[in-house]
Amino acid sequence: MLHYQDSPKDGKSCSECTSFRPSTTPDSDTGTCKVLEGPISPHGWCMAFSRR
Ligand code: SF4
């Protein structure tokens, strides 16, 4: 619905988004998101992107 993709878009990525919650596991960089369910790559992007 929000057109999540696992790659950045126009230089924007989840790691710079206010909704991104970084991984709590040291051997994984996959985090979570307040808006979308499921594992979220810090290098992903979706339409709800908001720069922090
Ligand atoms: S709202 Fe979108 S861009 Fe922001 S962290 Fe979640 S999936 Fe990534």
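Structure first, text after, so check above.
Remember, predicted model here, so these are calculated numbers, not experimental data.

**Describing the pattern of salt bridges**
The tally for this structure, following the rule as stated, stands at one salt bridge. The shortest N-O distance in the salt bridge between R51 and E16 comes to 3.2 Å. Taken together, the residues R51 in the segment after β2 (32-33) and E16 in the segment before β1 (20-21) connect sequence positions 35 residues apart.

**Let's talk about empty space enclosed by the protein**
Using the criterion set out here, one finds one cavity of 30 Å³ or more in the structure. In this structure, the largest cavity spans a volume of roughly 90 Å³. Lining the largest cavity are 13 residues, with C14, C17, S19, C33 and C46 positioned closest to its centre. Split into classes, the residues belonging to the lining of the largest cavity amount to twelve nonpolar, one polar and no charged.

**Thoughts on the site of the ligand**
Close to the ligand lie Y4, C14, C17, S19, F20, C33, L36, C46, A48 and F49. Here the residues of the shell around the ligand sort into nine nonpolar, one polar and no charged.

**A short note on the environment of H43**
Among the structural elements, H43 can be located in the segment after β2. The class of H43 is partly exposed, set by a relative accessible area of 45%. On a C-alpha basis, the gap between H43 and S13 in space is 5.1 Å, while along the polypeptide they are 30 residues apart. Excluding anything up to four places from it in sequence, H43 contacts D6, S7, P8, S13 and D29.

**Observations concerning the environment of R52**
For R52, the location among the structural elements is in the segment after β2. For R52, a relative accessible area of 56% translates into the label exposed. For the pair formed by R52 and C14, sequence separation is 38 residues and the distance between their alpha carbons is 10.0 Å. Beyond its immediate stretch of four places on either side in the chain, R52 contacts S15, E16, C17, T18 and F20. A polar side-chain atom of R52 sits 2.9 Å from the main-chain carbonyl oxygen of S15.

Conventions adopted
- Residues numbered from 1 in each chain as written.
- Predicted model: local features only at pLDDT ≥ 70, side-chain atom pairs only at ≥ 80, totals over all residues.
- Heavy atoms only, no water.
- Salt bridge = Lys/Arg side-chain N within 4 Å of Asp/Glu carboxyl O.
- Helix = DSSP H or I, 4+ residues; strand = E, 2+ residues; numbered from the N terminus.
- 1 Å grid on protein atoms, 1.4 Å probe; cavity = no way out; pocket = protein on both sides within 12 Å on 5 of 7 lines; lining within 4 Å.
- Points joined across faces, edges and corners; volume = space filled by probe spheres on them.
- Nonpolar A, V, L, I, M, F, W, Y, C, P; charged D, E, K, R; others polar.
- Near = heavy atom within 4 Å.
- Buried < 20%, exposed > 50% of the residue type's maximum accessible area, 1.4 Å probe, protein only.
- Contact = heavy atoms within 4.5 Å.
- Polar contact = N/O pair within 3.5 Å; in protein donor to acceptor, adjacent residues only side chain to side chain.

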